[in-house]
Amino acid sequence: IYREADFVLSNRLHVLLLAHANGAVPVAIISQKQHEKISGLLFDSGMDRCIIDLDKDAVASPNLLKDLEYFRGSHQQRFQDNSIRIELEFQKIFSS
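If you're wondering where the values come from, they're calculated on a predicted model, not measured in any experiment.

Chemist: Residue-level account of the nonpolar core, with values.
Modeler: L16, V25, V27, A28, I30, I38, L42, M47, C50, I51 and I52 together form the largest nonpolar core, which totals eleven residues. Put simply, the parts of the chain that give this core at least two residues each are β2 (25–30), α2 (36–44) and β3 (51–53). Considering every element that reaches this core, the biggest residue donor is β2, with four residues.

Chemist: Please provide a residue-by-residue account of the side chain of S10, values included.
Modeler: Inspection of the secondary structure puts S10 in strand β1 (residues 7–10). Side-chain polar atoms of S10 contact the backbone nitrogen of R12, separated by 2.9 Å. Look past the residues within four positions of S10 in its chain and what remains in contact with it is V15, L16, V27, A28, I29 and I30.

Chemist: Before we move on, could you go through a nonpolar patch on the surface and cite the residues and values that matter?
Modeler: Judged by side-chain polarity, I86, F90, I93 and F94 come together as a nonpolar surface patch covering roughly 460 Å² of accessible area. Mapping F90 onto the fold places it in helix α3 (residues 64–94).

Chemist: So what about the side chain of S39? Which residues, and what values?
Modeler: The residue S39 is located in helix α2 in this model. Ignoring anything within four residues of it in the chain, the contact list for S39 reads I30, Q32 and I51.

Chemist: I'd like to hear about the sheet that holds β2, residue by residue, with values.
Modeler: If you trace the three strands from one edge of the open sheet to the other, you get β1-β2-β3, paired in parallel fashion. Single-partner strands in this sheet number two, and they are β1 and β3. Averaged over all neighbouring strand pairs, the angle between strand axes comes to 15°, with direction disregarded. Where β1 lies against β2, four bridges are found, and the strand directions are parallel. Residue pairing for β2: S10 is matched across the bridge by A28.

Chemist: I'd like a rundown of the pattern of salt bridges, residues and numbers included.
Modeler: Per the stated rule, a full pass over the model turns up one salt bridge. Salt-bridge contacts for E89 lead to K92; the nearest nitrogen and oxygen are separated by 3.2 Å. Within this pair, E89 and its partner K92 are both found in helix α3, separated by three residues, close to a single helical turn. Classification of E89 as partly exposed rests on a relative accessible area of 41%. With relative accessibility at 54%, the residue K92 sits in the exposed group.

Scoring rules and cut-offs
Residues numbered from 1 in each chain as written. Predicted model: local features only at pLDDT ≥ 70, side-chain atom pairs only at ≥ 80, totals over all residues. Heavy atoms only, no water. Core = buried A, V, L, I, M, F, W, Y, C linked by side-chain atoms within 4.5 Å. Buried < 20%, exposed > 50% of the residue type's maximum accessible area, 1.4 Å probe, protein only. Helix = DSSP H or I, 4+ residues; strand = E, 2+ residues; numbered from the N terminus. Polar contact = N/O pair within 3.5 Å; in protein donor to acceptor, adjacent residues only side chain to side chain. Contact = heavy atoms within 4.5 Å. Patch = residues over 30% accessible without salt bridge, like charges linked within 9 Å, V, L, I, M, F, W, Y side chains within 5 Å. Areas by Shrake-Rupley, 256 points an atom, 1.4 Å probe, with all protein chains shown as cover. Salt bridge = Lys/Arg side-chain N within 4 Å of Asp/Glu carboxyl O. Pairing = 2+ DSSP bridges. Axes fitted to C-alpha atoms, helices over the stretch in contact; angles between N-to-C directions.

Written as structure tokens, this is what we have:
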């Protein structure tokens, strides 16, 4: 299901992780104050524009669709880069 989606909207971390891992843009619909793990993950990934903060945003930002199109094209590269970094760290740890 995730591989066929362009975007996945959720307030659940594991749903957003699976979406991202399978090529869909994860869009978090959350209260950033209550979901620090999700907002932290997206901020660290440079995808903070994919957060709809229920405490601030009465409606989604008018730029959200434009932002999502941008991330759809660029998030796969970020995911691959992060996967490579993680693999290199594991090799360092377990090859000693």
